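This is what each chain is made of:
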Amino acid sequence: FLNQQAAPVLALDIPSGLSADDGTPMGDCVRAQATLAYCAPKRGFFQSEGQSAVGPWRCETLGIPEALINVPDRDWCYDLSSIRDLVPR
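What you see is a predicted model, and the numbers here were worked out from it, not measured in a lab.

1. A closer look at the overall build of the chain
Regarding its fold elements, the chain presents three helices and three strands. Counting all 89 residues of the chain, 30% fall into the buried class. In the chain, of all internal contacts separated by at least 6 residues, the share reaching a separation of at least 24 is 43%. Approximately 5,900 Å² of the chain is accessible, and the part contributed by carbon and sulfur atoms is 55%.

Given below as structure tokens:
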């Protein structure tokens, strides 16, 4: 339904229906014109159909201390250096 509307869509954290892990749609997937991610970009932003579903994105920390966001041994946390290899050239 949202993909058929004329109004722009802003996704909060990740577009509905997009896998945060690998960027594949899980059934119907919202195609956002932009995404405001919470704390860190999701791995799925950079894989499969993630780039076309997310659109331009930006992160907000929501007041969470950076030390808790950039925990090196947590595979769900990313900083700029850890996502470079995921971004297609």
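2. Some points on the confidence of the model for the chain
Across the chain, the average pLDDT comes to 83, with 75% of residues at or above 70. Averaged pLDDT values for the elements of the chain fall to 64 in helix α3 (residues 80–83) and rise to 95 in strand β1 (residues 10–12).

3. Section: a nonpolar patch on the surface
There is a patch of nonpolar side chains on the surface, built from Leu10, Leu12, Tyr38, Leu62 and Ile64 and spanning about 460 Å² of accessible area. Mapped onto the fold, Leu10 is located in strand β1.

4. Remarks on the environment of Val30
Tracing the backbone through its elements, the reader meets Val30 in the loop between β1 and β2 (34–38). Separated by twelve residues in the primary sequence, Val30 and Leu18 have C-alpha atoms spaced 7.5 Å apart.

5. Examining the pattern of salt bridges
Scanning the model with the defined rule gives three salt bridges in all. The partner of Lys42 in a salt bridge is Asp13, with the nearest N and O atoms 2.6 Å apart. Residue Lys42 is located in the loop between β2 and α1 (50–54), and its partner Asp13 is located in the loop between β1 and β2; the two are separated by 29 residues in the primary sequence.

6. Some thoughts on the side chain of Asp13
A distance of 2.9 Å separates the side chain of Asp13 from the backbone nitrogen of Tyr38, its partner in a polar contact. Once residues lying within four places of it in the same chain are set aside, the contact partners of Asp13 are Thr35, Leu36, Ala37, Tyr38, Lys42 and Phe45.

7. Overview of the packing of aromatic side chains
The description of an aromatic ring pair uses the distance of the two centres, along with the angle that the planes make with each other. Evaluation of the coordinates by the stated rule reveals three aromatic pairs. Centroid distance Phe45 to Phe46: 6.3 Å. Interplanar angle 55°. Geometry classified as tilted. According to the relative accessible area criterion, Phe46 is buried, its value standing at 8%. Ring-pair connections join several aromatic residues into one group, and the members of that group are Phe45, Phe46 and Trp57.

8. Re the pairing of β2
If a strand is regular, its side chains alternate between the two faces of the sheet. Burial along β2 is one-sided: the residues Thr35 and Ala37 are buried and none of Ala34, Leu36 and Tyr38 is. One ladder, built from three bridges, connects β1 with β2; its direction is parallel. When the bridges of β2 are listed, Leu12 appears paired with Leu36. Sheet analysis places β2 next to strand β3 (residues 57–60), joined by four bridges and oriented parallel.

About the thresholds
- Residues numbered from 1 in each chain as written.
- Predicted model: local features only at pLDDT ≥ 70, side-chain atom pairs only at ≥ 80, totals over all residues.
- Heavy atoms only, no water.
- Helix = DSSP H or I, 4+ residues; strand = E, 2+ residues; numbered from the N terminus.
- Buried < 20%, exposed > 50% of the residue type's maximum accessible area, 1.4 Å probe, protein only.
- Contact = heavy atoms within 4.5 Å.
- Areas by Shrake-Rupley, 256 points an atom, 1.4 Å probe, with all protein chains shown as cover.
- pLDDT = per-residue confidence, 0-100.
- Patch = residues over 30% accessible without salt bridge, like charges linked within 9 Å, V, L, I, M, F, W, Y side chains within 5 Å.
- Salt bridge = Lys/Arg side-chain N within 4 Å of Asp/Glu carboxyl O.
- Polar contact = N/O pair within 3.5 Å; in protein donor to acceptor, adjacent residues only side chain to side chain.
- Phe/Tyr/Trp six-rings, centres within 6.5 Å; stacked < 30°, edge-to-face > 60°.
- Pairing = 2+ DSSP bridges.

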